[in-house]
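Below, each chain spelled out in residue letters.
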Amino acid sequence: MLIAGSMAVSQNLHTVHGTVFAANGMVASQADVDAQGKKTETNAAGYFILTGLREGDVTLHIFLKGYKSYSHKIKLVSDTSLLITLDSLSTNLSEIVIEAEKENSFGIGKLMNVEGTSIYAGKKSEVVLLNDINANLATNNSRQVFAKVAGINIFENDGAGIQLGIGGRGLNPNRVSNFNTRQNGYDISADALGYPESYYTPPTEALDRIEVIRGAASLQYGTQFGGFINFKFRKPPSEKKIQLTSRQTYGSFGLFNSFNSLGGTVKKLSYYTFYQYKKGNSWRPNSQFKMHTAHGSLNFQISSAIKITAEYTYMTYLAQQPGGLTDKQFERDPAQSIRKRNWFKVNWNLASIAFDWKLTPQTRINWMNFGLLADRTTVGYLGQINRADPLNERDIMDDHYKNFGSELKLLQRYQLFRQTSVFLIGTRYYQGHTLRKQGLGDTTSKAHFNFNFPDNLEHSDYTFPSRNIAVFSENIFQLGPKLSITPGVRFEYINTSANGYYRETNRDLAGNVILDLRHQEERNSARSFVLGGVGLLYKPINKIELYVNFSQNYRSINFNDMRVVNPNSRVDPNLKDETGYTTDGGVRISLKDLLYLDFSVYYLRYNNRIGSVIKVDESTFVLYRYRTNISDSRNMGAECFAELDIIRLIRKDAKHKLSVFVNASYTDARYISSQQSGFDNKFVELVPQSILRSGITYKYKHFSTTVQGSYTAEQYADASNSKFSTNAITGLIPAYTICDWSAQYTWKMLNLSAGINNFMDEVYFTRRAEGYPGPGILPSDPRNFYVTLQVRL
């Protein structure tokens, strides 16, 4: 398709310029353009310009791998502006070309300036390409999967990868709570406002890529400081009616994982579905799990301009948790367990339906609707880990989540100053409804989740409704073929409530009840505000780009966890919302098949930051962790990832590949302007000052292998920077270094992969927990292996 506009001039030589788009609506960079023997290449914005063309009939040719060659004859009588859309190849060749280009990558990249109805220009973005990495996918091994994403701190809650725990730039990694976490573009966390923790992690075996955007994502994807992470499933093959993939994995400690998927395309309908079953015993006593995950998606292409996509995901698992350890217990024997009555159960239902309209090659609308129906329940003894389980009634925490959301976005390309600019506007409606109950259960060690007195709970019974309305807009102003500026704005209305009761019970040192009060509570907080931001992108040549970004952030208080009865922790009833901003800048260099580099610096300002301090109970004299607004904080640092193919540096046409990557980050995160002198200039908790991951990959034909090392510096578990506590919920988390090895070989329809994680058998831990799955130190897995056989038909 072509749209042309002309401006009369009096010269015989004229200029043809314009923007080239791919069939999916994204700009087509690095496309070859020629006319009358003059040649050029589209830049990162898809823009090209040919000067000195003779007046008369001119045939314009455009070529880009994976798309049909474009030829169009125009009668040139003046300077001419064009908007051109390339059609995708419908033959198997397009599929082959795309896969070949992916195999030549390093498994890491960035998002395009515009993808679908989203704008990423001028933002720090990273894309993990799962097909191009060697990793233990059966256990979602975060060290390997996120090895090339700079500055990621990892919580290892379990060796099976059931729950993901990552954070960036000095933010808490717990269940990815500081990212807006999505699957195929829609929310998957428990409650995006009241409880943004993710108990469900999409299986990496089903993923095509993982998209990560830092704090600048607040304008399009919410207000959070951490940014945005999106798990995108594999697409069904377009040339097959049915394709079966079966992966069977066996590993240490009784690990068995079976992943099976079906996908294909029948005329206008394409589908993808999978089922995963995973079980294991872990390496510590009192530890076992069983997990089932299923997913199905249908895409129906009503016409060339309209597509409907419907998805459903179900996940359930039951896990016995061995609990935490004290420092002395960990030093003596990290494999031991002194809790045998703790269990954890999760049921997760996700559904979505999306409508995508391409009104014109320049105008696109996307309407995403999604919902969550889920629950998670824990049962066990929550007492401090330095005390023996008294074998009395166990604590039960029971949550039920029912959420619905809808996002509508419109993206419009238009011509401004002879350049193609992009306008985006969207709106979001979200409502959450969480029921949380806490009381006592039986005295057994079995997975029983029934309250003793469900109508008169011993601890608390709350309803947490929430509502959110947002309107957001961004615009890429292309100021020239090399420079663009992207301002944005977001309006937010947030309403959160808490309705229910909690019981205040105090006991003396002998365990006798000396106070038992029931408090009825109703809270409501409504607020509205506007956030702004701006990004700048400069690309002097196609291989290099510079980016700078500033964005405001906001994080509302979490009413959902404010009324938890836990002897290890308490929460300030007067918590305030957190505000701040993120700014970063960097440079990216991409020399295909040879070098990829992304270096950036950042500054994150956090006002009224919520953190944990140590206090002593006045009645029992027991230490506990107190969650409150400690003070303002600032995180600043640098991140760098680089990968170089050593062999191709010497010989470009080499069939062998030997690449080395280095991923390094430095973060200085401190509390500032504190009204309490004890916290001023203290290190922010759960922030290692340095993280270094490095590895080497060798590939030849159908074989590849990777060895990597991961170093994480020491970090504190609380804002007071205490180095030790008898109950182990606070203290120092020592530095650790882990080495992993993975390899794979493909022969026709078979693929065999294997590896050893933590092959140096490092004894370490990444977390001190105040509640489940602890409390106390959670030892990480020792040396372990896996073997996976894949069949694809």
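Located above this text is the structure these notes cover.
This write-up is about the structure you can find in this document. Keep in mind it's a predicted model, so treat the numbers as computed, not measured.

Let's talk about the overall build of the chain
Scanning the chain from terminus to terminus reveals five helices and 45 strands. Seen through its C-alpha atoms, the chain measures out along the principal axes to roughly 100 × 55 × 50 Å. Pairs at least 24 apart in sequence give 67% of the contacts found in the chain among residues at least 6 apart. Just so you have it, the chain exposes about 31600 Å², and 57% of that area is on carbon and sulfur atoms. Side chains of the chain carry 88 positive and 71 negative charges; the gap between the two charge centres is 5 Å.

Notes on the sheet that holds strand β4 (residues 38-41)
Strand pairs in the sheet, formed through backbone hydrogen bonds, run parallel or antiparallel to each other. As summarised here, the arrangement of the four strands in space is β4-β3-β6-β7, forming an open sheet in which the pairing is antiparallel. Of all strands in the sheet, those with a lone pairing partner are β4 and β7 (70-76), marking the two edges. Going across the sheet, the axis of each strand differs from the next one's by a mean of 20°, ignoring polarity. Where strand β3 (residues 32-35) and β4 come together, four bridges link them in antiparallel fashion. The residue of β4 that forms the bridge with V33 is T40.

So, the packing of aromatic side chains
Under the counting rule described, the total for this entry stands at 25 aromatic pairs. Consider the rings of F225 and Y606, whose centres lie 3.9 Å apart with planes at 10°: the pair is stacked. Residue F225 is found in the loop between α3 (218-221) and β18 (228-233), and its partner Y606 is found in strand β34 (residues 595-616); the two are separated by 381 residues along the sequence. Judged on exposure class, the residue F225 and its partner Y606 are both buried. Relative to Y716, the ring of F683 lies with its centre 6.3 Å away and its plane at 15°, an arrangement referred to as stacked.

What to know about the environment of N281
With respect to the helices and strands, N281 occurs in the loop between β21 (269-280) and β22 (288-301). A relative accessible area of 44% places N281 in the partly exposed class. Counting along the chain gives 95 residues from N281 to R376, while the straight-line C-alpha distance between them is 21 Å. Not counting residues within four places of it along the chain, the set of residues in contact with N281 comprises F253, G254, S287, Q288 and F289.

A word on the sheet that holds strand β12 (residues 125-129)
Taken in spatial order, the six strands of this open sheet run β9-β12-β17-β18-β15-β16, and their pairing is mixed. The sheet is open, and its two borders are formed by β9 (108-109) and β16 (186-187), each paired with just one other strand. Pairing between strand β15 (residues 180-183) and β18: four bridges, direction parallel. Looking across to β18, one finds that N180 is bridged to F228.

Observations concerning the pattern of salt bridges
Evaluated as defined, the whole model comprises 38 salt bridges. Between R555 and E578 there is a salt bridge whose closest N-O contact spans 3.6 Å. Note that R555 is positioned in strand β31 (residues 544-555) and E578 in strand β33 (residues 578-591), a separation of 23 residues in sequence. Each member of the pair, R555 as well as E578, carries the same accessibility label: buried. One salt bridge in this structure joins R651 and D653, with 3.0 Å as the shortest N-O distance. Residue R651 shares its accessibility class with D653, and that shared class is exposed.

Analysis parameters
Residues numbered from 1 in each chain as written. Predicted model: local features only at pLDDT ≥ 70, side-chain atom pairs only at ≥ 80, totals over all residues. Heavy atoms only, no water. Helix = DSSP H or I, 4+ residues; strand = E, 2+ residues; numbered from the N terminus. Contact = heavy atoms within 4.5 Å. Areas by Shrake-Rupley, 256 points an atom, 1.4 Å probe, with all protein chains shown as cover. Lys, Arg positive; Asp, Glu negative; His and termini not counted. Charge placed at Lys NZ, Arg CZ, Asp CG, Glu CD. Pairing = 2+ DSSP bridges. Axes fitted to C-alpha atoms, helices over the stretch in contact; angles between N-to-C directions. Phe/Tyr/Trp six-rings, centres within 6.5 Å; stacked < 30°, edge-to-face > 60°. Buried < 20%, exposed > 50% of the residue type's maximum accessible area, 1.4 Å probe, protein only. Salt bridge = Lys/Arg side-chain N within 4 Å of Asp/Glu carboxyl O.

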